[in-house]
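# Fold and geometry: a report
Take a look at the letters that make up each chain.
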Amino acid sequence: MSTPLAPVTRPSAPHPSAPPTGGGVTPPERTARALTWAQVRSALPSALRKLDPRELSRSPVLFVVELGAVATTALAATDPDLFSVSIAVWLWATVVFATLAESVAESRGKAQASSLRASQKGTSARRVAAPAGTLDGGTGLHLLPTVEVPSSRLQVGDVVVVEAGGTIPGDGDVIEGVASVDESAITGESAPVIRESGGDRSAVTGGTTVLSDRIVVRITAPAGHTFVDRMIALVEGSERQRTPNEIALNVLLTSLTIVFVLAVATLQPFAAYSGAKQSLVVLVALLVCLIPTTIGALLSAIGIAGMDRLVRRNVLAMSGRAVEAAGDVDVLLLDKTGTITHGNRFATEVLPVGGVGALELARAARLASVADETPEGRSIVELVDGMDDGARDGREDAARGAQLIPFTAQTRMSGVDLPLPDGAVRRLRKGAGSAVQRWVASTGGSVTGAGADELAAHVETVSVQGGTPLVVAEQVGDAPARVLGVVRLKDVVKDGLRERFDQLRAMGIRSVMVTGDNATTARAIAQEAGVDDVLAEATPEDKLALIRREQEGGRLVAMAGDGTNDAPALAQSDVGVAMNTGTTAAKEAGNMVDLDSNPTKLLEIVEIGKQLLITRGALTTFSVANDVAKYFAILPAMFAGVLPALGVLDVMRLSSPESAILSAVIFNALIIVVLVPLALRGVRYRPASASALLRRNLLVYGVGGLIAPFVGIKLVDLLVSLLPGL
Amino acid sequence: MLVGTALSVVLPDGLAGQQEGGPHGLSEVLYAFASAGNNNGSAFAGLSVGTPYYNTLLGLAMLVGRFVPIALVLALAGRLASQRAVPASAGTLPTHQPLFVGLLATVALVVVGLTFIPALSLGPVVESLS
């Protein structure tokens, strides 16, 4: 494969059959699975297991509810009446609903984990029998004798052969061959991807299936520590630890619980004093209604669901902390190539110099590119075919004994040698300006006078406007070569990015484009894409320094990267998203891995992080605001009998004191169920400033949280009052 | 404050100090503890606080009501001071505008209200309604 210009450092052209990484900015979310009964049923056993007080004591709110449930059950058992039995039942329901929410959230991950596990079971590998150290790629390894070994016995460095229909036994690099691989077990993307030796697409993942051809893979991860193993552990939540943010919220909820326990405990003396001594059942009901059960129940479900949303977008977060950090990010570092622009450049214009006709230049450029399979080469052919019908004739020229001159890093040119009818050779070259001029000079030719000025001017203009100038030259026979002109290669900015960056700015997130290009080119592209800042001619050290500088200012930095030289920066950043095709070093250094290897996804990761934090805040607000209505239900019910004056507080006109208290408890339990889908899905999120978001969510969840229970409790009361005996 | 009041309405020593019974008695005790804990330590005339019982308990309320918040606020200040300043952007919440002030006030009102409404409703609220 030849490349006409300086080496492209990024995963290059999206292969026709590769997943739609480059093109779409927003890959469609995989079918959002609604909450189904089957899911709930399968989650029930683990929800019941979670009732174990030892496990539940991690969440003080739920622990208190469970204690209350135990107490009321005991009371109801010794002195059964409909009221206390119903309260006991509904308190247990509250606890079960809470654990169920967590189990359902986990079960979504479990379903994925079990399908992953299935892909691992019982694969066997054809290991090349020769000692691993002696094997090099590209030497016909698949011809060597192989032995059949179970994939669990593979060691790092082993070389295996995988043929069409076979399952790749472990993580590794392709060292020989090209194959289309079905990675849907990992990524869920049904379109097969190309994996080939060398370059950016050499990494294969264990558990994926080879669809065609044959590849030779060198294993890079020991059995049991492959990517799939880690992924299973992650999606199952077995490695889940509480994030700092969750711990802080838990402290808040705990202190609220303590305050309310005190408030309820001291209420009994007051009540006794006022001559309205309350039964323990009523007090427990009041307490359970007061403590923030809703958010306490949904807290871990929200966190798990956040991870799950990332997983469904094919991003694996190594810790919940990273997801939260993503929500607080202030600065995004985005690589230009592959993230902001398509990984390749397109020819958009030809600029002849020194009296050469545009058509002549175009035809020459086309000839030099006909056999060039790089995206840049193909784009030149397309461009010229579009502007000139006559150029098509060149195809036969190219076929007649033409000799291709591939791109090398030394010459930094590519081209073609065409035998002319008279026996002479016509040499066409295209490449970086300096390289082509050197070649022209070496043949005795020179670029002087007006032509030279014109050439320099074109090269300059193209660079300033963010393009890459490709100089085309021609030599006929042994005559000195001459420069024909310049082809403008343009970096094409991905669609919809400008809007995305505008949204980010509205959220207060600054985007910085990082590129190896020179400052003028970089700024031109930055302006087109709408990013805020540019780090041009960036070395890995520059990147690291920039991250450190931003962090010293107190900002959180997110970046995406794939190369080994990205690893330090990935490790330094607060949110480091490594590409799945990237090197192992990069994957180890980052705290997230994008299975689609689409760096633009960084934007979505930030949105998911924000959504997670907002969901948590919104449900906390809702939970606390709910209490007000419950007071209006329970307090009059408790005391109106003895102190009729308090009857005016009974704004809901509930049918009887017992039904009022029971309704409040039932509402308290049911609201958890109602909010589970919201917790799993996350609150609707639209990019806006923190103030605007807060105002809107306060309105919806704060004021809504005040009003909803009045309606809800009244409705439940209407139903409950139909029960005989209440 | 609630604990003190609660003790006072069940212990004979506390009950002995009250002039009136019923809701007003509760209001008297509640006010005495509220004032001792958070304000100037005044009490209704109907409540004779000059007893060793009330002096001790109100003194404790005064001590706790003052020093615990002081300690907590100092701890909060220390925590905030040790944190790095984050530069303001559209993503940060301006703390000097009605939105934040209103939010803070509402949160304080709701939480405090939830804590004290039961006690208040049995005392002063009943009194005023009846």
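Computed from a predicted structure; not experimentally measured.

Now for the confidence of the model for chain A. Counting all residues, the mean pLDDT for chain A is 75, and 80% of those residues have values of 70 or more. Across residues 1-34 of chain A, where pLDDT falls below 50, the model places 90 contacts with residues more than four positions away in sequence or in other chains.

Given 3.6 residues to a turn, an α-helix orients residues that are three or four positions apart in the same direction. Here helix α11 (residues 358-369) of chain A is 12 residues long and its end C-alpha atoms lie 16 Å apart, about the 16 Å a rise of 1.5 Å per residue gives. If you check which residues of α11(A) are buried, you get Leu361(A), Ala362(A), Ala364(A), Ala365(A), Arg366(A), Leu367(A), Ala368(A) and Ser369(A).

A few words on the pairing of strand β16 (residues 467-476) of chain A. Residue and element names in this part refer to chain A. For β16, the tally of buried residues reaches nine of 10 residues, placing the bulk of the element in the interior. In terms of strand pairing, strand β15 (residues 425-431) meets β16 through six bridges, oriented antiparallel. Across the sheet, residue lysine 430 finds its bridge partner in β16, namely valine 472. In terms of strand pairing, β16 meets strand β17 (residues 482-493) through eight bridges, oriented antiparallel.

Residues and elements named next belong to chain A. Reading across from one edge, β2-β1-β3-β9-β4-β7 is the order of the six strands in this open sheet, with antiparallel pairing throughout. Of all the strands in the sheet, just β2 (146-150) and β7 (203-204) have a single pairing partner and so form its edges. The sheet contact formed by strand β3 (residues 159-163) and strand β9 (residues 214-219) spans five bridges and is antiparallel. Considered in β9, the bridge of valine 162 is made with isoleucine 215.

With that out of the way, let us pick up the sheet that holds strand β10 (residues 315-317) of chain A. Residues and elements named next belong to chain A. One open sheet holds the seven strands; their spatial order is β10-β22-β21-β20-β11-β18-β19, and the pairing between them is mixed. In the strand order of this sheet, the two ends are held by β10 and β19 (533-535), each with one partner. Strand-to-strand twist of the sheet, defined as the mean angle between neighbouring strand axes without regard to direction, takes the value 20°. With five bridges connecting them, strand β11 (residues 331-335) and strand β18 (residues 510-514) associate as parallel partners. Note on β18: the bridge partner recorded for aspartate 335 is valine 514.

Residue and element names in this part refer to chain A. If you look at the biggest cluster of nonpolar residues, it comprises 121 residues, and the most contacted ones within it are Leu332, Met592 and Met638. A total of 18 residues in this core trace back to one element, the largest contributor, which is helix α21 (residues 602-639). Setting aside residues up to four positions removed in sequence, methionine 638 forms contacts with Leu267, Gln278, Val282, Leu283, Leu286 and Ile661. By size, the runner-up hydrophobic cluster in this structure holds 19 residues, among which are Val350, Leu418, Val487 and Leu489.

Basis of the calculations
Residues numbered from 1 in each chain as written. Chains lettered and ligands numbered in written order. Predicted model: local features only at pLDDT ≥ 70, side-chain atom pairs only at ≥ 80, totals over all residues. Heavy atoms only, no water. pLDDT = per-residue confidence, 0-100. Contact = heavy atoms within 4.5 Å. Helix = DSSP H or I, 4+ residues; strand = E, 2+ residues; numbered from the N terminus. Expected span 1.5 Å × (residues − 1). Buried < 20%, exposed > 50% of the residue type's maximum accessible area, 1.4 Å probe, protein only. Pairing = 2+ DSSP bridges. Axes fitted to C-alpha atoms, helices over the stretch in contact; angles between N-to-C directions. Core = buried A, V, L, I, M, F, W, Y, C linked by side-chain atoms within 4.5 Å.

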